[in-house]
Amino acid sequence: MLHFLKPDVDFWSVRKVTRHSETLTVRQGVLEPPYQGWDEGVYVCVLNRGGAGYACVPDSSQAGLRSAFERAKSWAEVAASQGLFRPDCMTQSAELGIYQTPIRKPWHQASLSDRIDLLLQASQKLKHDARVIDWMTQFSYVRSTQRFESSLGAQIVQEFDYFDPALSATAHHNSKTQTRTLAGHGVARQAGLELLEELDWLHSANRVAEEALELVMAENCPTGVLDLLLAPDQMMLQTHESIGHPLELDRILGDERNYAGTSFVTQEMFGSFHYGSKLLNVTFDPSQSGECASYAFDDEGSKAEKIYLIEEGVLKRPLGSALSGARTGLASVANSRACNWNRPPIDRMANLNLEPGSSSLESMIQSVEKGVYMKSNLSWSIDDSRNKFQFGCEWAQLIENGRLTRVVRNPNYRGISSSFWQNLAMVGDQQTRGMYGTPTCGKGEPNQAIRVGHASPACLFSGIDVFGGQE
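The sections below set out a description of the structure shown in this document. (Residues numbered from 1 in each chain as written. Predicted model: local features only at pLDDT ≥ 70, side-chain atom pairs only at ≥ 80, totals over all residues. Heavy atoms only, no water.)

Considerations on helix H2 (residues 112-126)
As a reminder, the rule being used: Only DSSP runs of H or I with at least four residues qualify as helices, and only runs of E with at least two residues qualify as strands; both kinds are numbered from the N terminus onward. In this analysis, the expected span of each helix is defined as 1.5 Å times one less than the number of residues it contains. Exposure is judged per residue with a 1.4 Å probe applied to protein chains only, and the accessible area is read against the type maximum: over 50% gives exposed, under 20% gives buried, and values in between give partly exposed. The arc under discussion is defined with respect to the helix axis, by the directions toward the C-beta atoms. By definition in these notes, contact holds between two residues if any of their heavy atoms fall within 4.5 Å.
A rise of 1.5 Å per residue sets the reference length of H2, with its 15 residues, at 21 Å; its end C-alpha atoms lie 21 Å apart and thus fit the reference within 8%. Arg115, Ile116, Leu119, Ala122, Ser123 and Leu126 are the residues of H2 that are buried. Along the axis of H2, the buried residues cluster in a sector spanning 120°; they form a single face. Tucked inside the fold, the buried residues of H2 contact strand E1 (11-27), strand E2 (30-31), strand E6 (132-150), strand E7 (155-173) and helix H4 (201-216).

Below, the structure written as structure tokens:
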């Protein structure tokens, strides 16, 4: 894209992003104004004489590319005398490749009226009882095409289809109000409309409403040190906040201290620190098909592959890009990612997965004398170093003498990251595994909300501080 300029610099790369988006929402049976969006722009990076600079423009014409290149080159000249690290010491991409989200039912295979009808049918399922006082159903779809080229000959084209369906029901009875959603609004995936079949869309709408009614009639969650069984849609948030963010290498280096925070993890821990019990195996895996952050190359052209970050409980590698890896001497992964053409790539999670174990859900329940089974994140709080945390869930059921018994409302638990993972007592098998994702992981200044994926089995933790909400 920049060859017509015959750039006189040590290295350049350009990333062009075109994005179409559509959001349809039905609230209390009424279709809200549909949203459709389109944007396109280019990000140009220049390395020259020991400096690095970048510039972004919403104009992919030759005039726009020339403008972005000249600005990036100018910034590289300014940065050359003030940098903490010589960017020309790191390896740049010369990769060739393509990637496309595998889908069976493209978004536009169904007409707009058919998509709205699916939402209206779900809305009717959600409002089947007078005690349901608010209900919502939504489809969010994004198609993004990204082209990356570099002066070393890299040429990469990646096409992504993101689909994020949502359901929510709020019930009220006897001064109590409870909300239940579809997996805590965590079902975002790279997929087409076939995802609705996998979710059993209309049946799920009915279940969400029934569980909201169950919760509003339930007792408060008990308080005490109990065994805690977490469903995959809560393991998603647990893994994200207490493993994913602490392992981001730019946080460990202090780059994110002002806004997103730092990490309790230090560079010296890699290779020896016992992050959890021997049952804990965590991978960085953009090659996992269908998750929210599946790709073949990151946004600086590094080739993606499955990497163990934690193996049998031992901390192996950070979530660090080629740049962060070169700064520290630690092995990197392909996680340099930007939310769009108008942001620079930084160290991000992608698909961060907890690998399955060998325990069935039934065997984990049967092993518990007194505990709680929690599903779907409702709230979270964790300190700046991603160490001490407190999470709340939407739905819970007591486990008493090896059996699931009463549903309870307002379930919460708290802990300290590494000691919590040391209490990992059983890991569910492949049958318990769920695949989830979110489009709103925030980080960076200015902020970048980016898509991340998390697959996990159900997991059992022993001796956790569990408590109910205030009445």
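There's plenty left to go through after this.
Details of the environment of Pro232
Tracing the backbone through its elements, the reader meets Pro232 in helix H5 (residues 232-244). According to the relative accessible area criterion, Pro232 is buried, its value standing at 11%. In this structure, the C-alpha to C-alpha distance between Pro232 and His454, residues 222 residues apart in sequence, is 8.9 Å. Setting aside its immediate chain neighbours within four residues, Pro232 contacts Thr432, Arg433, Gly434, Tyr436, Ser456, Pro457 and Ala458.

Brief notes about the packing of H2 against H4
Spelled out, the test is: For helices, the fitted axis covers only the stretch in contact; all axes are lines through C-alpha atoms, and the angles between them, taken along N-to-C directions, range from 0 to 180 degrees. The labels follow the angle: roughly parallel below 35 degrees, roughly antiparallel above 145, roughly perpendicular from 65 to 115, and oblique for the rest. Working rule for handedness: look at the near helix, and if it is turned counterclockwise from the far one by less than a right angle, call the crossing left-handed; if clockwise, right-handed. Ten residues, namely Ala, Val, Leu, Ile, Met, Phe, Trp, Tyr, Cys and Pro, are considered nonpolar, four, namely Asp, Glu, Lys and Arg, are considered charged, and the remaining ones, Gly among them, are considered polar.
Contact pair H2 / H4: the axes reach a minimum separation of 8 Å and the direction vectors enclose 30°. Relative to H4, the element H2 lies roughly parallel. For the pair H2 and H4, the sense of crossing is right-handed. Between H2 and H4, the residues in contact are Leu118, Leu119, Gln121, Ala122, Lys125 and Leu126 and Trp201, Leu202, Ala205, Asn206, Val208 and Ala209, respectively. For the contact of H2 with H4, a count of residues per class yields 9 nonpolar, 2 polar and 1 charged.

Some points on the side chain of Ser376
Within the secondary structure, Ser376 is located in strand E18 (residues 370-382). Given a relative accessible area of 0%, Ser376 falls into the buried group.

Concerning the nonpolar core
The line we're drawing: We call a set of buried Ala, Val, Leu, Ile, Met, Phe, Trp, Tyr and Cys residues a nonpolar core when their side-chain atoms join them within 4.5 Å.
Ranked by size, the top nonpolar core spans 62 residues in total, and within it Leu247, Tyr275 and Tyr413 carry the most contacts. The element best represented in this core is strand E19 (residues 388-400), accounting for 5 residues. In this structure, Trp107, Trp135, Phe163 and Ala205 belong to the second largest nonpolar core, which totals 33 residues.

Some thoughts on the pattern of salt bridges
What counts, and what does not: Any carboxyl oxygen of Asp or Glu within 4 Å of a side-chain nitrogen of Lys or Arg constitutes a salt bridge here.
For the structure shown, the criterion picks out 23 salt bridges. Glu248 is the salt-bridge partner of Lys443, the closest N and O atoms lying 3.1 Å from each other. Here the residue Lys443 occupies a position in strand E23 (residues 434-443), and Glu248 occupies one in the loop between H5 and helix H6 (249-252), the gap between them amounting to 195 residues. For the pair formed by Lys443 and Glu248, the shared burial category is buried. As a salt-bridge pair, Arg414 and Asp465 come within 2.8 Å of each other at their nearest N and O atoms. With Arg414 in strand E21 (residues 411-416) and Asp465 in strand E25 (residues 459-468), the pair connects residues that are 51 residues apart, well separated along the chain.

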